[in-house]
Amino acid sequence: METAKAEQNAMSKLFGQYMREGKDITELKAKVDANKEAMIPLQEKAREAEEALYRVALAMPNFPDDTVPEGADEEDNVELRKVLEPRSFDFEPKEHWALAEGNGWIDFERGVKLAKSRFSVLRGEAARLERALINFFLDTNASKGFEELCVPFMNNATMLQGTGQLPKFEDDLFKIEGEDLYLIPTAEVPLTNMYNDEILAEKELPVLMTGYTPCFRKEAGSAGRDTRGMIRQHQFDKVEMVAIAHPDRSDEVFEMMVQNASDILTALGLPHRVVELCGGDLGFSAAQTIDLEVWLPGQNQYREISSISNTRDFQARRAKIRFKDGKKNKLVHTLNGSSLAVGRTIVAIMENYQNEDGSIEIPEVLKKYM
RNA sequence: CGGGAGAUGUCAGAGUGGUCGAAUGUGCCGGUCUUGAAAACCGGUGAGGGUAAUACCUCCGGGGGUUCGAAUCCCCCUCUCCCGGCCA
């Protein structure tokens, strides 16, 4: 294909010479025309093959790392450690929606009225707690070297493809009518794609970014799950960490991110466990994922509050994020993780810090933020 | 949203059908000079893919078209700037 193209180029070049020298060009023209004719089916075939390959490639999930435990679903995830002992209650701990009602913290009905089901309104102290948590998370991340960014909450299709949400998961996204824009399902999308189609200098790595954004998810396919309360909403706030790392050093960045998220929970006094996802439970883009699950005494179970993933070069390939390794351009590794999901943190605070009369204490570290 | 202008290498800015991957300036790298630096002078220097390295392919905002041949001509889109409207 390229050879034929090269010949074509060479012949066209000759044309100019012949013209200048006043030579006869009819013969040459015939030859060029023939070559061009012959190339058309070739080109067509090459283009089709390329398109087909591309389509298939975009629908392929990432390969799990060799170290990822085998397994089909969350039942096979591996608990790595527990942090903080759950407190013992001398009364029956309530679930967060009951506490929310008693304290007037969450207005579920009006959230539904304003939008639809799975939307809610935080009121008064809960709204201030939301804001305090965002600030606490951002400040903590900044102290670990993450640059704080404030990004668009809508991104175009190219960016969603870069991080792996498109084309396969379009049904999970809210699309803006008449625009090439989607409401972001996570800040991972804008933060990672900050460097879409860019080539970084090696010394710029790792790029550590954090940002607060609301996240919008249709939650298609989770009908009937977590319909009660604030665990699974169409819109929720999250502070995200994203790292663009040198491929040789993404593992240490990953560890650092997991530790940071865990430290935040510890600082809030929230018991949690660190869980490594098995192959079957990994998301589309992830090569390795560690979830942090916070203890909810009202529900008497651990629930996911943070998910930290190393996508290796999976997103980098899609988003064309490279770095200069000497003279060569190589793919970076991209990592992302929540630190933390704000709504679920409020849920955890309500359930863990509840008193027998239904009132709720505010964790010590948050007091200066409120 | 309406009217006008524009999009070219790090940046600025020429280039209107072949000798253009692209003048010139600037920046950057190397050298001469200097105790050192600056200035001056000389030389080198666009990007992406590909390769062991060459070849080779692609790229003048994006997509399509005309042509043997397009940065240059035609169509569509996007973005930027200026004027007006609207607005946090």
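Residues numbered from 1 in each chain as written. Chains lettered and ligands numbered in written order. Predicted model: local features only at pLDDT ≥ 70, side-chain atom pairs only at ≥ 80, totals over all residues. Heavy atoms only, no water.

Undergrad: Residues and numbers for the protein's contact with RNA strand B, please.
TA: Neighbouring residues of RNA strand B: 17 residues in total, closest Phe-15, Lys-29, Val-32, Lys-324 and Asn-329. Close to the protein, within 4 Å, the atoms of RNA strand B are drawn from sugar and phosphate at a rate of 73%. With respect to RNA strand B, the side chain of Arg-322 contributes an N or O atom lying 3.4 Å from a sugar or linking oxygen. Residue contributions to the surface near RNA strand B peak at eight residues, all from helix H1 (residues 2-21). Taken together, the residues of the surface near RNA strand B sort by class into five nonpolar, three polar and nine charged. (Near = heavy atom within 4 Å. Polar contact = N/O pair within 3.5 Å; in protein donor to acceptor, adjacent residues only side chain to side chain. Helix = DSSP H or I, 4+ residues; strand = E, 2+ residues; numbered from the N terminus. Nonpolar A, V, L, I, M, F, W, Y, C, P; charged D, E, K, R; others polar.)

Undergrad: Give me a nonpolar patch on the surface: which residues, what numbers.
TA: Together, Val-56, Met-60 and Phe-63 make up an exposed nonpolar region whose accessible area comes to about 340 Å². By the element assignment, Met-60 lies in the loop between helix H2 (26-58) and strand S1 (78-83). (Patch = residues over 30% accessible without salt bridge, like charges linked within 9 Å, V, L, I, M, F, W, Y side chains within 5 Å. Areas by Shrake-Rupley, 256 points an atom, 1.4 Å probe, with all protein chains shown as cover. Salt bridge = Lys/Arg side-chain N within 4 Å of Asp/Glu carboxyl O.)

Undergrad: Quick rundown of the domain arrangement of chain A? Include the residues and the values.
TA: Domain annotation for chain A reports domain 1 (2-58) and domain 2 (74-369). Here the C-alpha centre of domain 2 lies 52 Å away from the C-alpha centre of domain 1. (Domains from an automatic or database assignment.)

Undergrad: Give a description of the packing of aromatic side chains that names residues and reports values.
TA: The full count for this structure, using the stated rule, is six aromatic pairs. Plain terms: the ring middles of Phe-136 and Phe-137 are 6.0 Å apart, the flat faces sit at 45° to each other, and that makes the pair tilted. Classification of Phe-137 as buried rests on a relative accessible area of 0%. The interplanar angle of 65° and the centroid separation of 6.0 Å between the aromatic rings of Phe-136 and Tyr-369 together place this pair among those described as edge-to-face. Taken as a pair, Phe-136 in helix H5 (residues 125-143) and Tyr-369 in the segment after helix H10 (342-352) lie far apart in primary sequence, 233 residues in all. When the ring centre of Tyr-182 is taken as origin, the NZ or CZ atom of Lys-175, which lies over that ring, is 5.0 Å away. (Phe/Tyr/Trp six-rings, centres within 6.5 Å; stacked < 30°, edge-to-face > 60°. Buried < 20%, exposed > 50% of the residue type's maximum accessible area, 1.4 Å probe, protein only. Lys NZ or Arg CZ within 6 Å of the ring centre and 35° of its normal.)

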